[in-house]
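Here are the chains, one letter per residue:
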Amino acid sequence: MIEIEIQNETHQTQSRIRFAAVPRIGEGIRLREPDGMWASYDVLDVWYQKAEFGDVWMPYLHIRMTPGEGVGTLDEDPYSDDFAAQAYETGFAAMGGGR
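Residues numbered from 1 in each chain as written. Predicted model: local features only at pLDDT ≥ 70, side-chain atom pairs only at ≥ 80, totals over all residues. Heavy atoms only, no water.

What about the overall build of the protein?
Scanning the protein from N- to C-terminus turns up one helix and five strands. Order of helices (α) and strands (β) in the protein, N terminus to C terminus: β-β-β-β-β-α. Within the protein, buried positions represent 21% of all 99 residues. Pairs at least 24 apart in sequence give 33% of the contacts found in the protein among residues at least 6 apart. (Helix = DSSP H or I, 4+ residues; strand = E, 2+ residues; numbered from the N terminus. Buried < 20%, exposed > 50% of the residue type's maximum accessible area, 1.4 Å probe, protein only. Contact = heavy atoms within 4.5 Å.)

Quick notes on the sheet that holds strand β5 (residues 57–65)
Taken in spatial order, the five strands of this open sheet run β2-β1-β5-β4-β3, and their pairing is mixed. Each edge of the open sheet carries a strand with a single partner, namely β2 (13–19) and β3 (28–32). With direction set aside, neighbouring strand axes in the sheet form an average angle of 40°. As paired elements, strand β1 (residues 2–8) and β2 share seven bridges and run antiparallel to each other. Considered in β2, the bridge of Glu5 is made with Arg16. (Pairing = 2+ DSSP bridges. Axes fitted to C-alpha atoms, helices over the stretch in contact; angles between N-to-C directions.)

Observations regarding the environment of Arg16
Relative to the elements of secondary structure, Arg16 occurs in strand β2. Between the C-alpha atoms of Arg16 and Tyr60, which are 44 residues apart in sequence, the distance is 9.2 Å. Leave out the neighbours within four places in its chain, and Arg16 touches Glu3, Ile4, Glu5 and Met58. For Arg16, the side chain forms a polar contact with the side chain of Glu3, separated by 3.4 Å. (Polar contact = N/O pair within 3.5 Å; in protein donor to acceptor, adjacent residues only side chain to side chain.)

So, the environment of His11
Looking at the element boundaries, His11 is found in the loop between β1 and β2. For His11, a relative accessible area of 32% translates into the label partly exposed. Along the chain, His11 and Pro34 lie 23 residues apart, while their C-alpha atoms are 9.1 Å from each other. When sequence neighbours within four positions are dropped, the list of residues in contact with His11 reads Glu33, Pro34, Tyr41 and Met65. A distance of 2.9 Å separates polar atoms of two side chains, one belonging to His11 and the other to Glu33.

Focus: the pairing of β3
The two faces of a sheet get side chains in turn, since along a regular strand they alternate between them. Burial along β3 is one-sided: the residues Ile29 and Leu31 are buried and none of Gly28, Arg30 and Arg32 is. Bridge count for β3 against strand β4 (residues 38–50) is five bridges, and the pairing is antiparallel. Residue pairing across strands places Leu31 opposite Ala39, the latter belonging to β4. Between β3 and β4, which follow one another and run antiparallel, lie five residues, and Gly36 among them has a positive phi close to 95°.

Below, the structure is given as structure tokens:
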């Protein structure tokens, strides 16, 4: 396994993940989002830097979420109490044109 540092442009984060092979530029990878859902990412850049120890070169990836992948995300949680209360209140008519 190869440990690769990933720099995520979409979330502005850095993390280390183990791969069986180093992905190439233009390839897609699937990663888990902070909300627990899986999403596709495109590899924008791959480079190697010499490690602080020995004569070892460490791979780095620069990734960004695949266009159109984040379209289906919800701004509000449909299972929260606030969302349910809003849906409940909109089901009733108001008298006098206001509340």
